Amino acid sequence: MKRVVIIGGGIAGLSAACRAHELFAADAGATEILLLEERSELGGKLRTESNSGHLFERGPNAFIDPGPELTELVARAGVEVLSADDAAKRRFLCKKGALHEVETNPIALLKSGLLSAG
């Protein structure tokens, strides 16, 4: 019997397990796929958490130009991909109890006073 061991149940490990399952499915029982994950839940840094009735997405929440392989994997996983609207381009930083919009231009961000020299 062949054994495939995948360490980590984050997005890369889950993708590898999915692909291994596809490759060895025809071997029905000839290959064992073992996924090792230290946490009690899968997903690595990706997770949805609920707090006071609000949902928070943790970890990466976007990808740019995914390419055909990632697009295919996302489709097979049944994940719905949403396009961000213009409001999602705005970023904020909390400093001394107040929200400040973060400039997307690196020079403007450096001049904003929101970052310290340290």
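First, a word on what this report is: a plain description of the structure on this page. If you're wondering where the values come from, they're calculated on a predicted model, not measured in any experiment. In this convention, every chain numbers its residues from 1, walking through the sequence in written order. In keeping with the predicted nature of the model, local features appear solely for residues at pLDDT of at least 70, side-chain atom pairs appear and are counted solely at 80 or more, and the whole-chain, interface and lining totals rest on all residues. Processing note: side-chain calculations cover all non-hydrogen atoms of the structure and skip hydrogens and water entirely.

## Re the overall build of the chain
The number of helices and strands found in the chain is three helices and six strands. Taken from the N to the C terminus, the helices and strands of the chain come in the order β-α-β-β-β-α-β-β-α. Compactness check: the chain gives a C-alpha radius of gyration of 20 Å against a globular reference of 13 Å for 118 residues, more than 25% above the reference. By its C-alpha atoms, the chain is 60 × 35 × 30 Å across when sized along the principal axes. We call a residue buried when its accessible area falls under 20% of the maximum for its residue type, exposed when it is over 50%, and partly exposed in between, using a 1.4 Å probe and counting protein chains only. Taken over 118 residues, the chain has a buried fraction of 10%. Here a residue-residue contact requires only that any non-hydrogen atoms of the pair lie within 4.5 Å. Sequence separation of 24 or more characterises 42% of the internal contacts of the chain that already satisfy a separation of 6 or more. Here the open area of atoms and residues is found with the Shrake-Rupley method and a 1.4 Å probe, where only the protein chains shown may cover a residue. With an accessible surface of roughly 9,800 Å², the chain has 57% of that area assigned to carbon and sulfur atoms. Here Asp and Glu are counted as negative and Lys and Arg as positive; His is not counted, and neither are the chain ends. Every charge is mapped to an atom, namely NZ of Lys, CZ of Arg, CG of Asp or CD of Glu. Taken together, the 14 basic and 16 acidic charged side chains of the chain have centroids lying 8 Å from each other. Helix numbering and strand numbering both begin at the N terminus, where a helix is a DSSP run of H or I of at least 4 residues and a strand a DSSP run of E of at least 2. The atom set for the radius of gyration is the C-alpha atoms, and the globule formula is 2.2 Å times the number of residues raised to the power 0.38.

## Description of the side chain of R47
Within the secondary structure, R47 is located in strand β3 (residues 47-51). Identification of polar contacts relies on pairs of N or O atoms within 3.5 Å, with a donor-acceptor requirement for protein atoms, meaning one able to donate a hydrogen and the other able to accept it, and with residues adjacent in sequence counted only if both atoms are side-chain atoms. A polar side-chain atom of R47 sits 2.8 Å from a polar atom in the side chain of E41. A distance of 2.6 Å separates the side chain of R47 from the backbone oxygen of G44, its partner in a polar contact. Once residues lying within four places of it in the same chain are set aside, the contact partners of R47 are R39, E41, F56, E57 and R58.

## With respect to a nonpolar patch on the surface
A residue counts toward a patch only above 30% relative accessible area and without a salt bridge, and it is joined to like-charged neighbours within 9 Å or, for Val, Leu, Ile, Met, Phe, Trp and Tyr, to nonpolar neighbours within 5 Å. The term salt bridge refers to a pairing of a side-chain nitrogen on Lys or Arg with a carboxyl oxygen on Asp or Glu at a separation within 4 Å. A contiguous nonpolar surface patch, about 360 Å² in accessible area, is contributed by V5, I7, L34 and L36. Where the nonpolar patch is concerned, the elements lending two or more residues are β1 (2-7) and β2 (31-36). Here V5 is to be found in strand β1.

## Focus: the pairing of β3
At least two DSSP bridges between two strands are needed for those strands to be called paired. Looking at chain direction, β3 and strand β4 (residues 54-58) are connected through five bridges and run antiparallel. Bridging from a neighbouring strand, T48 pairs with E57 of β4. Between the antiparallel neighbours β3 and β4 lie two residues, among them S52 with a positive phi of about 55°.

## Considerations on helix α1 (residues 11-24)
To estimate the expected span of a helix, count its residues, drop one, and scale the result by 1.5 Å. Look at α1: 20 Å from first C-alpha to last across 14 residues, which is about the 20 Å you get at 1.5 Å a residue. Contacts from the buried residues of α1 go to β1 and β2.

## Here's the deal with the pattern of salt bridges
Across all of its chains, the model carries six salt bridges by this definition. Between R3 and E32 there is a salt bridge, with its nearest N and O atoms 2.8 Å apart. Here E32 lies in strand β2 and R3 lies in strand β1, a separation of 29 residues in the sequence. Taking relative accessible area as the criterion, R3 reaches 55% and is therefore assigned exposed. For E72, the salt bridge goes to R76, with nearest N and O atoms at 3.0 Å.

## Side note on the side chain of T31
Structurally, the position occupied by T31 is in strand β2. Ignoring sequence-local partners within four residues, the contact set of T31 consists of M1, K2, V4 and F24.

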